[in-house]
Every structure is written in structure tokens, then in C-alpha cells.
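Summary of the model geometry
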Amino acid sequence: MKFAKRLNFLGIENAFEVLAEVTKLKAQGRDIISFAIGEPDFDTPANIKEACIKAIQANHTHYGPSAGLPALRETIAAYIAKTRGISVSADEVVVTPGGKPIIYYIIHALVDPGDEVLYPNPGFPIYESVTNFVGGKPVPVPLLEAKEFSLDTDYLRSLITPKTKLIILNSPQNPTGGMLTPADLKAIAAMAVEHDLWVLSDEIYSRVLYSGEFHSISALPGMKERTIILDGFSKTYAMTGWRLGYGVMPSALATWVSRLITNNESCTNTFIQYAAIEALTGPQDATAAMVREFKARRDLIVDGLNSIKGFSCKLPNGAFYVFPNVTQACRNLGLPDAKALQQLLLHEGNVAVLPRTSFGVKNIGETEEYVRFSYATSRENIIEGLKRIKAVVEK
Ligand code: PLP
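Keep in mind that what you see is a predicted model, and the values were worked out from it rather than measured.

A tally of regular secondary structure across the protein gives 13 helices and 13 strands. Relative to the compact-globule value of 21 Å for 395 residues, the protein shows a C-alpha radius of gyration of 21 Å, a close match. Principal axes of the C-alpha set define a box for the protein whose edges measure 60 × 55 × 55 Å. Counting across all 395 residues of the protein, residues that qualify as buried make up 56%. Approximately 16,900 Å² of the protein is accessible, and the part contributed by carbon and sulfur atoms is 55%. Considering the protein, the positive charge centre built from 40 side chains and the negative charge centre built from 41 side chains are found 3 Å apart.

Following this line, the structure appears as C-alpha cells:
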């Protein structure tokens, strides 16, 4: 069988391999506590589900416009205007099945072969994969534990070349929970304006924030016309399986992204878009309660991890991940790297985590080892999981 050569450039989301291993072990009857899954463990709020059922009963079951239902685009425009402090019109909004397609479409719409794309590393693996797929050159920007997993903006500046086309940002961040500070955003915005670069700002965790206010780079001078905001419903409203997200971008770009959608999925599921209107305009207390619970779990898991020999964990301000440094634990156990620790924890401890390398290859000179925990699981599971890890690591 002969396949197109471009497939060789497509990466994978490594996390799914660990998830497959976990599922297999569970099917064999093993009692695994999983910190591997990056999705809220809460149910979608009832008002959103009801709006969807009503929409089906009202027969909103036909094709819709590629860019999304006008009423939803209006609603999203108003929501983004309010939460980011910018003016947004409906023709700058494109609705997609999940936030993820925005990454795929934006890179296809902006990156020519040979163009360079700066992206956070460790980071969501799709940025690098899709950049490679279109023949672009992914250029990793290290996130630094010493900077609470933000980046060094001077170093970022040094990576810009005449071929740089796009900077991808993600704050709050997967896998570290780190955030870009307002000063970082200001420095990056100045570079983007000076070098005439696009910025894809992945703000999918913008509502999973434990203190302070969310800041979007799109609100800084000169940025709205060069920023694509990625956001969606998966994390904020516990709607991962619904597949619903969106991008906010200059209308000329939105027209091209809509054309890509026409060539691909035609449109996003129609009745789900009615539920999305309810999600954004209805009561927000379920989200607030979810974030409160995540905060309590964050405190529990960070304290617990810091009490395990050889683990050292920062206290992140957003998302539902922690990214402890496990270098010393690996050394104590005679393990070569975090991947070996992940395997040990899974097979001896019945605890699933993801190794650092699920989020990109190590940066040049990176010597430390990390694993990612998602604490989108119950407090009981967190307590039991930490107990199991301690037993394996400190035996
Ligand atoms: N961006 C980041 C950083 C993510 O972690 C995820 C999901 O894990 C997404 C985008 C995609 O979200 P969605 O499920 O809405 O496609």
C-alpha cells in the first residue's frame, strides 16, 4: 500500500497511547488511578443539556453555515468582547467541532512551507505536529520551571528570524498549569508588532483560573488584528465529548477558515450550537463550582506531591494540571528518565501519569525530568493515588 508522503510528518498526541495502555490494564481487572486524562470529570450542566434536547425537538437538525449559526457567533462575539476587553463582531468568529480544529485550520491558513512557528515546549503536541504537516518549521520556546513555567521573552526574541510567521501561546498552560504574566504578554506583543507576526493565543483554559484576572494578548495595542483567540466549551462547561469550540480572528482570515470548514466538515453540529448559546448566556454557577473544586484539589495534590521524596511541585494558578519536577526521584530509583518513572508508577503503583515527553521532545540543554498530573479526578482518588506513589517511590 502506498500512502501520501505528507503523512510521515503528522505527529500523534502521545497521551492517547498512555490512555490506551491504561484502558487495557483496566480491562484486565487492574484498579488504576488515572491522572492522565485532560478533561473535567464533572457532568455537563443540566441547563446546557436541556437546551440541546429542546433544539433537537425543535428540529434544528439540518446543515448550518460553515462559520457557525449567526446567533451563536453573535453570542461568542459579545462574550469575548466582555471577557477580553476588546471589540468583536460576529464575522470575526468561527465555530468549530472543538477548539482543536482551530489549530489545524489556522496553521493551514497562515503557514507556508519553510515558515517558522514558535510554540511552547513542553506544550500541547498538536502545535508541532500540524506545523510539520504543512511543511513549516516548528521552533520550540522552552517554558522554565524557574519562571513558574512562563517563558524567557528575551530568548523568544532571539528565536525570531525573517521566516517567523506565527507565535503560539497557551496560558493557562497544558501541561504545566503555568501562566504568561501581563509583562510577558506586553513583551511578546511588542515583538509581534515589530516583526509583523501572527499570534495564535490558545485560551482554552481561560476560565480555569484560581486567582487574579485573565489577560489576553489580543487586548494589547496593535494585537487584535494579528491575534487568533482559540477558546471553547470543552473545559469551561465540561463538554469535551460534545466537540465545540471557536476561534476569534480578523474577518478576512475567518472567511478563509470558513472555506476550509466547507471543504472538511461543512459545519459544526447544529443543535449543539443552541446548547452553546445557553452555556454562554445561562447561569455560570456550575463553572464557578467546578473551578472552586479544582482549586481545592490543586492544593491537595501540590501539598501531597511535595511530601513525596524526590518530587518538587510548583503551585500553578490555572488549568487542572501540575507538572512536578521528578529528577531527584528518578535518581533515587536509578531510573534514566520520567518515562521510566511513568512506567514504574503504572505497573507497580497502578497510577497513571504522563511523562514530559508526551508534550514534545526535551529542549536543548534541558536536564530535569517532569511528569504531568491532571487533577480532574476526585479528592479520594488524589489521596489514594498519592499514597500509592509514595509507596513505590519511597520503598
Ligand atoms: N488546547 C489545549 C492547550 C488543550 O489542552 C486542548 C485539549 O486538551 C485543546 C486545545 C483542545 O480542546 P478541545 O477539546 O476543545 O478540542
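On we go from here.
For the rest of this paragraph, the subject is the packing of aromatic side chains. Given two aromatic rings, their pairing is described by the distance between the two centres and the angle made by the two planes. Taken as a whole, this structure holds 15 aromatic pairs when the rule is applied. Aromatic pair Phe149 and Tyr370: ring centres 5.9 Å apart, planes at 75 degrees, arrangement edge-to-face. Within this pair, whereas Phe149 is found in the loop between β4 (137-144) and β5 (150-151), its partner Tyr370 is found in the loop between β12 (354-355) and β13 (371-374), the two being separated by 221 residues in sequence. Note on accessibility: Phe149 and Tyr370 belong to one class, buried. Taken together, the aromatic side chains of Phe42, Tyr205, Phe294, Phe320, Tyr321 and Tyr375 make up a single cluster linked through ring pairs.

Our next topic: the packing of helix α2 (residues 46-57) against helix α9 (residues 270-281). Their axes nearest at 8 Å, the elements α2 and α9 cross at an angle of 145 degrees. Here α2 and α9 pass one another in a crossing that is right-handed. Judged by residue contacts, Asn47, Ile48, Ala51, Cys52, Ala55 and Ile56 of α2 engage Phe271, Ile272, Tyr274, Ala275, Glu278 and Ala279 from α9. Classifying every residue of the contact of α2 with α9 by side-chain character gives 10 nonpolar, 1 polar and 1 charged.

This part is about the domain arrangement of the protein. Split by domain assignment, the protein resolves into domain 1 (5-43 + 286-393) and domain 2 (62-281). Spacing between the C-alpha centres of domain 1 and domain 2 amounts to 25 Å. If you look at the interface, domain 1 gives 40 residues, while domain 2 gives 35 residues. Taking both partners together, domain 1 and domain 2 bury about 3,100 Å²; carbon and sulfur atoms supply 56% of that area.

In this section: the side chain of Ser258. Within the secondary structure layout, Ser258 lies in helix α8 (residues 251-263). Overall, the relative accessible area of 13% leaves Ser258 in the buried class.

So, on to the site of the ligand. Around the ligand sit 13 residues, and of these Asp202, Tyr205, Ser234, Lys235 and Arg243 come closest. Gly99 is positioned with one of its backbone polar atoms (N or O) 2.8 Å from an oxygen atom of the ligand. Between the ligand and the protein, one listed contact pairs an oxygen atom with a backbone N or O atom of Lys100 at 2.9 Å. Out of a free accessible area of 400 Å², the ligand has 92% covered by protein chains. Looking at the shell around the ligand residue by residue, the classes come out as 4 nonpolar, 5 polar and 4 charged.

So, on to the sheet that holds strand β9 (residues 245-248). In spatial order, the strands read β2-β9-β8-β7-β6-β3-β4-β5; together these 8 strands make up an open sheet with mixed pairing. Of all strands in the sheet, those bounded by a partner on one side alone are β2 (93-96) and β5. Lying on the sheet, helix α3 (residues 70-84) is in contact with β2, β8 (227-232) and β9; it crosses β2 at an angle near 115 degrees.

About the criteria used
- Residues numbered from 1 in each chain as written.
- Predicted model: local features only at pLDDT ≥ 70, side-chain atom pairs only at ≥ 80, totals over all residues.
- Heavy atoms only, no water.
- Helix = DSSP H or I, 4+ residues; strand = E, 2+ residues; numbered from the N terminus.
- Rg over C-alpha atoms; globule rule 2.2 N^0.38 Å.
- Buried < 20%, exposed > 50% of the residue type's maximum accessible area, 1.4 Å probe, protein only.
- Areas by Shrake-Rupley, 256 points an atom, 1.4 Å probe, with all protein chains shown as cover.
- Lys, Arg positive; Asp, Glu negative; His and termini not counted.
- Charge placed at Lys NZ, Arg CZ, Asp CG, Glu CD.
- Phe/Tyr/Trp six-rings, centres within 6.5 Å; stacked < 30°, edge-to-face > 60°.
- Axes fitted to C-alpha atoms, helices over the stretch in contact; angles between N-to-C directions.
- Left-handed = near helix turned anticlockwise from the far one by under 90°.
- Contact = heavy atoms within 4.5 Å.
- Nonpolar A, V, L, I, M, F, W, Y, C, P; charged D, E, K, R; others polar.
- Domains from an automatic or database assignment.
- Buried area = accessible area lost by both parts, 1.4 Å probe.
- Near = heavy atom within 4 Å.
- Polar contact = N/O pair within 3.5 Å; in protein donor to acceptor, adjacent residues only side chain to side chain.
- Pairing = 2+ DSSP bridges.

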